[in-house]
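Listed below, chain by chain, are the residues.
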Amino acid sequence: MRSPKDFFAPLAVGAPQPPRQIPVRPSRMIHFFDPGNEKMAAKVPDLAKKTDVLLGNLEDAVRADRKEAARAGLVSIAKATDFGRTQLWTRVNSLDSPWVLDDLITLVTEIGDKLDVIMIPKVEGAQDIHYVDRLLAQLEARAGLTEPLLVHAILETASGVANVEEIAGASPRMQGISLGPADLAASRRMKTTRVGGGHPGYLVRTDPVGEDLDEGRTTYQQDLWHYTVARMVDACAMNGILPYYGPFGDIRDVVACEDQFRNAFLLGCVGAWSLHPVQIDIAKKVFSPSPADVAWARRVIAEMGDGTGAVMIDGKMQDDASVKQCRVVVELADELAATDPELAAAYDAATKEIQS
């Protein structure tokens, strides 16, 4: 373990200073694309206008015989595209793969000035982040980069969940953590073949009425991922980084996708992965506070004055804890509104309406 005095020191001579605070930028959706797919690559400039984050995927969903083409494709796309306000991320191959070293060397030295975040899959513990941290510093120094690249871990093994707190605090580069439900399910030997979402067999049932054990008993489907997401959110909040829900694999079921994203949002996640363009608007909607919620939060903050004591607003008690909750909503709304004129107008209109 590094001394606290050395935690923010560069890990290589000539490497940029590690960040003391993670920049908070809109990242409601992390939209995945295959940079080795020419049709998909052609859509990148248009997608950049619609998304908060575009991620060039080099790992799962890219066949072994197409790994090098995907890596080269990402380099070409990054050099040729003006991403504007949209962040460019990548997911490299796992640290035990034969491709990851070439991924990191190539991407950092050739397009390190265009990348914002490098996503590391199947992180088992802090040791994985330490390895990447040192290697990135060496490559940044070689490439002459002036800004450090950030690291994002995917929580998709039982060991990763058990060590999530140390992963979140392993490096000043840590930007956030995403849930990876499919690989995590396999690692835990869970009996589901779904990519995220619930399962009809994971349920609770109301008590029986009378002697008939079947009649009139309502069932309620439960969330397989509630514990893991909540623990991940706590680890991220404790270390000042950002939590994300991962993929929702049933592209057709936009209703369940929205439900799963909203569960994650309410628990504290700031965004989710989008695997298909139809999920972009779902994530944008869910991970943006509603105008009504923003207007109410602003009203509570205003009526609470200096934030101490308690008041009654429309028959509901509000106190200093309420103000803290409301500030979370308002601060997020302000961050999003700063880059989204339509959202800003909707928030202002709702606020004026509730004040009138």
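From a predicted model like this one, the values you see are computed outputs, not experimental measurements.

### Looking at the overall build of the chain
Logical step 1: When helices and strands are counted, the chain shows 14 helices and 12 strands.
Logical step 2: The C-alpha atoms of the chain give a radius of gyration of 22 Å, which matches the 21 Å a tight globule of 356 residues would have.
Logical step 3: Counting only C-alpha atoms, the chain reaches 65 × 55 × 45 Å along its principal axes.
Logical step 4: Evaluated residue by residue, the chain yields a buried proportion of 47% over its 356 residues.
Logical step 5: Counting only contacts in the chain whose residues sit at least 6 apart along the sequence, the fraction spanning at least 24 positions is 71%.
Logical step 6: As displayed, the chain offers around 17,800 Å² of accessible surface, 52% of which is attributable to carbon and sulfur atoms.
Logical step 7: Considering the chain, the positive charge centre built from 38 side chains and the negative charge centre built from 50 side chains are found 4 Å apart.

### Here we look at the packing of aromatic side chains
The relation between two aromatic rings is expressed through the spacing of the ring centres and the mutual angle of the planes.
Logical step 1: Tallied over the entire structure, the rule returns six aromatic pairs.
Logical step 2: By the ring-pair criterion, three or more aromatic residues cluster together here, those being Tyr245, Phe261, Phe265 and Phe287.
Logical step 3: Here the guanidinium or amino end of Lys67 rests over the ring plane of Trp99, the centre of that ring lying 5.1 Å away.
Logical step 4: A cation sits over an aromatic face here: Lys316 above Trp296, 5.4 Å from the ring centre.

### Remarks on the sheet that holds strand S10 (residues 271-274)
Logical step 1: Taken in spatial order, the eight strands of this closed barrel run S1-S2-S3-S4-S5-S6-S9-S10, and their pairing is parallel. With direction set aside, neighbouring strand axes in the sheet form an average angle of 25 degrees.
Logical step 2: Direction of pairing for strand S1 (residues 29-33) relative to S10: parallel, over a ladder of three bridges. Bridged to Ile30 within S10 is Trp273.

The rules behind each value
Residues numbered from 1 in each chain as written. Predicted model: local features only at pLDDT ≥ 70, side-chain atom pairs only at ≥ 80, totals over all residues. Heavy atoms only, no water. Helix = DSSP H or I, 4+ residues; strand = E, 2+ residues; numbered from the N terminus. Rg over C-alpha atoms; globule rule 2.2 N^0.38 Å. Buried < 20%, exposed > 50% of the residue type's maximum accessible area, 1.4 Å probe, protein only. Contact = heavy atoms within 4.5 Å. Areas by Shrake-Rupley, 256 points an atom, 1.4 Å probe, with all protein chains shown as cover. Lys, Arg positive; Asp, Glu negative; His and termini not counted. Charge placed at Lys NZ, Arg CZ, Asp CG, Glu CD. Phe/Tyr/Trp six-rings, centres within 6.5 Å; stacked < 30°, edge-to-face > 60°. Lys NZ or Arg CZ within 6 Å of the ring centre and 35° of its normal. Pairing = 2+ DSSP bridges. Axes fitted to C-alpha atoms, helices over the stretch in contact; angles between N-to-C directions.

Purely geometric numbers; function is a separate question.
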